[in-house]
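A structural walkthrough
Single-letter residue listing:
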Amino acid sequence: MEIILTRIAKRQQYTIGRLAIVERTDDEYLAGEREVYFCDTLEPPVIQTKTTVSLASVLRSPVKLKSIKPVAIPEGRYAVVITYSPKFNKWLPLLLGGQDFNRLWQGIRIHFGNTVADTQGCILLGRNQRVGRLFESRKWVYELKQKIIEAKARKEAVWITIR
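What you see is a predicted model, and the numbers here were worked out from it, not measured in a lab. (Residues numbered from 1 in each chain as written. Predicted model: local features only at pLDDT ≥ 70, side-chain atom pairs only at ≥ 80, totals over all residues. Heavy atoms only, no water.)

**Here's the deal with unusual backbone geometry**
- Located in the positive-phi region is Glu136, a residue other than glycine, with phi close to 55°.
- Of note in the backbone geometry, Lys155 takes a positive phi value of approximately 70° without being a glycine.
- As for its position among the elements, Lys155 is in the loop between α3 (137-153) and β9 (159-162). (Helix = DSSP H or I, 4+ residues; strand = E, 2+ residues; numbered from the N terminus.)

This is how it looks when you write it as structure tokens:
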């Protein structure tokens, strides 16, 4: 299963995106893939790459992480699994990356929330019907989780590409 998150509005306080699921068609006339819109996303702001200080050096500094403003994870392709979240007391999707990603961005989940205050770097799902705010978040997290469970039952790997 392939999930595509396309960031469409990179604001100073938050990032809005569109989540799509890639559907594959084996029909002899319509063979191929297409991205089907699923819901909207909300994340912290995307860090600007023009700065001379890297995010990795900031995270290695002795400053408490709570004092660092959350930022969106880097663009890329990440494996998705469902694990138990003690924080939310629920089974939720978790993003896995390489060694550096897992060290710097440990615990990045796809979960429910309505504003950027509800995330410390995770991806929130819902409908963006008001500037910088999501609605029906729990519904969309549940729907995505069901699709991931179905894919895993078919022995499919689940990936998310963030662009």
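**So, the environment of Phe88**
- Residue position: Phe88 is located in the loop between β4 (76-85) and β5 (90-96).
- Placed 24 residues apart in sequence, Phe88 and Phe112 show a C-alpha to C-alpha distance of 9.7 Å.

**Brief notes about the environment of Val36**
- Counting through the fold element by element, Val36 comes out in strand β3 (residues 32-43).
- Note on Val36: relative accessible area 25%, which makes it partly exposed.
- Spatially, the C-alpha atoms of Val36 and Glu23 are 6.9 Å apart, while their sequence positions differ by 13 residues.
- When sequence neighbours within four positions are dropped, the list of residues in contact with Val36 reads Leu19, Ala20, Ile21 and Glu23. (Buried < 20%, exposed > 50% of the residue type's maximum accessible area, 1.4 Å probe, protein only. Contact = heavy atoms within 4.5 Å.)

**A few points about the pairing of strand β7 (residues 123-130)**
- Bridge count for β3 against β7 is three bridges, and the pairing is antiparallel. When the sheet's bridge partners are listed, Leu42 is paired in β7 with Leu124.
- In this sheet, β7 lies alongside strand β6 (residues 110-111) in parallel orientation, the contact comprising two bridges. Following the sheet pairing, His111 is matched in β7 by Leu124.
- In terms of strand pairing, β7 meets strand β8 (residues 133-135) through two bridges, oriented antiparallel. Within β8, the residue paired with Arg130 across the bridge is Arg133.
- Joining the antiparallel neighbours β7 and β8 is a turn of two residues, in which Gly132 adopts a positive phi near 70°. (Pairing = 2+ DSSP bridges.)

**Details of the pattern of salt bridges**
- Summed over all chains, the structure comprises eight salt bridges.
- The salt bridge involving Glu2 is made with Arg77; its shortest N-O contact spans 2.4 Å. Of this pair, Glu2 sits in strand β1 (residues 2-10) while Arg77 sits in strand β4, placing them 75 residues apart in sequence.
- Ionic pairing is found between Glu23 and Arg34, a salt bridge with its closest N-O pair at 3.3 Å. One end of the pair, Glu23, is in strand β2 (residues 15-25); the other, Arg34, is in strand β3, and 11 residues separate them in sequence.
- You can call Arg34 exposed: its relative accessible area is 51%. (Salt bridge = Lys/Arg side-chain N within 4 Å of Asp/Glu carboxyl O.)

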